[in-house]
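# Close look at the chain arrangement
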Amino acid sequence: MSTLDATRAELALLVLYLNKAEARDKICRAIQYGSKFLSDGQPGTAQNVDKSTSLARKVFRLFKFVNDLHGLISPTPLGTPLPLTLLGKSKNALLSTFLFLDQFVWLGRSGIYQNKERTELIGRISLFCWMGSSVCSTLVELGELGRLSASMKKIEKELKNSNKYDNEQYRAKLKASNERTLALIKAAMDIVVAAGLLQLAPQKVTPRVTGAFGFVTSLISCYQLLPSPAKSKTS
């Protein structure tokens, strides 16, 4: 493959990535929280970028609550323990509620809805829902990692002296474990971000801390949305 063909393939992959509304939203999220980190809650250009990007992202998320509403009523995979099922459904319900209420926050902050006090109240309720969904996500990932660890140990015992990394099933479970570990880190950090936005511990979770954690979780989200190598070959 020539250098030009390789460049075309890379650009095509970039176009495919940027065509995802979710990817553009997460890039904007990185800009938003990066600006929050730089501003540290002080007036100026960085804070203006933070506020304007936050408002713009709400447009990206219009009617997005339907996604988690669909997940709420969809059947869970067979063999999933009841506690993990309930936690997963709770996460879907809370996240769907957050995204639904966030639409009213956008209406208020854009000036369409005039009641400022009610807008702020709805905004806080929605953020508590997001925090709750992040807590549920953290617990789900911990539970799933435990299940994966148990199944990987079982495969190791069956293979005995064989190289476990040559086993396709073991490699698949290892990949899933790595993905869930990353999702666990993101969910746990998002709890801190939500606490910062709600100002539950303003002395410890400052705007700079909130911005730093939010920026990192945004980068994780951007990474998670990258096309897999298998998909990039067929694109």
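Looking up the protein chain in an unreviewed UniProt entry gives the name Peroxisomal biogenesis factor 11, with the organism given as Crotalaria pallida.

## Focus: the side chain of Q47
Looking at the secondary structure, you find Q47 in helix α3 (residues 45-60). Dropping the residues within four chain positions of it, Q47 is found in contact with S39, G41 and Q42.

## Topic: the nonpolar core
With 13 residues, the main nonpolar core has L95, F98, L99, W130 and M131 as its most contacted residues. Counting only elements with at least two residues in this core, the list comes to α5 (82-109), α6 (116-159) and α7 (168-198). Leaving out residues up to four positions away in the same chain, L99 has contacts with R61, K64, F65 and D68.

## Remarks on the pattern of salt bridges
Within the structure shown, the criterion is met by 12 salt bridges. Residue R29 is joined to D190 by a salt bridge in which the shortest nitrogen-to-oxygen separation is 3.2 Å. Taken as a pair, R29 in helix α2 (residues 21-39) and D190 in helix α7 lie far apart in primary sequence, 161 residues in all. When sorted by exposure, R29 lands in the same class as D190, which is buried. Measuring nitrogen to oxygen at the nearest pair gives 2.4 Å for the salt bridge that ties R61 to D102. With a gap of 41 residues between them, R61 in the loop between α3 and α4 (65-73) and D102 in helix α5 connect regions that are remote in the sequence.

## Some words on the packing of aromatic side chains
In total, this model carries four aromatic pairs according to the counting rule given. With centroids separated by 5.2 Å and ring planes inclined at 75°, the aromatic side chains of F65 and F100 adopt a geometry described as edge-to-face. One end of the pair, F65, is in helix α4; the other, F100, is in helix α5, and 35 residues separate them in sequence. Relative to W130, the ring of F98 has its centre 6.1 Å away and its plane inclined at 25°; by these criteria the two rings are stacked. Remark: W130 occurs in helix α6 and F98 occurs in helix α5; sequence separation between them is 32 residues. Taken together, the ring pairs connect F65, F100 and F104 into an aromatic cluster.

## Focus: α3
The first and last C-alpha atoms of α3 sit 23 Å apart over 16 residues, in line with the 22 Å expected at 1.5 Å per residue. Within the span of α3, buried status applies to Q47, D50, T53, S54, R57 and K58. Across the axial projection of α3, the buried residues extend over an arc of 145°, all falling on one side. Those residues of α3 that are exposed and angled more than 90 degrees off the buried face are T45 and N48.

## Brief notes about the packing of α7 against helix α8 (residues 207-224)
Two elements in contact, α7 and α8, have axes separated by 9 Å at closest approach and are oriented at 145°. As for the relative orientation of α7 and α8, their crossing is left-handed in sense. Along its contact with α7, which presents L182, A183, I185, K186, M189, D190, V192, V193, G196 and L197, the element α8 presents T210, F213, G214, V216, T217, I220, S221, Y223 and Q224. Taken together, the residues that form the contact of α7 with α8 break down as 11 nonpolar, six polar and two charged.

## Describing unusual backbone geometry
Despite not being glycine, D40 has its phi angle at roughly 55°, a positive value. With respect to the element layout, D40 can be found in the loop between α2 and α3. Despite not being glycine, Q199 shows a phi value in the positive range, around 55°. Along the chain, the position of Q199 falls in the loop between α7 and α8. When its relative accessible area of 59% is taken as the criterion, Q199 is described as exposed.

Thresholds applied
- Residues numbered from 1 in each chain as written.
- Predicted model: local features only at pLDDT ≥ 70, side-chain atom pairs only at ≥ 80, totals over all residues.
- Heavy atoms only, no water.
- Helix = DSSP H or I, 4+ residues; strand = E, 2+ residues; numbered from the N terminus.
- Contact = heavy atoms within 4.5 Å.
- Core = buried A, V, L, I, M, F, W, Y, C linked by side-chain atoms within 4.5 Å.
- Buried < 20%, exposed > 50% of the residue type's maximum accessible area, 1.4 Å probe, protein only.
- Salt bridge = Lys/Arg side-chain N within 4 Å of Asp/Glu carboxyl O.
- Phe/Tyr/Trp six-rings, centres within 6.5 Å; stacked < 30°, edge-to-face > 60°.
- Expected span 1.5 Å × (residues − 1).
- Arc of directions from axis to C-beta.
- Axes fitted to C-alpha atoms, helices over the stretch in contact; angles between N-to-C directions.
- Left-handed = near helix turned anticlockwise from the far one by under 90°.
- Nonpolar A, V, L, I, M, F, W, Y, C, P; charged D, E, K, R; others polar.

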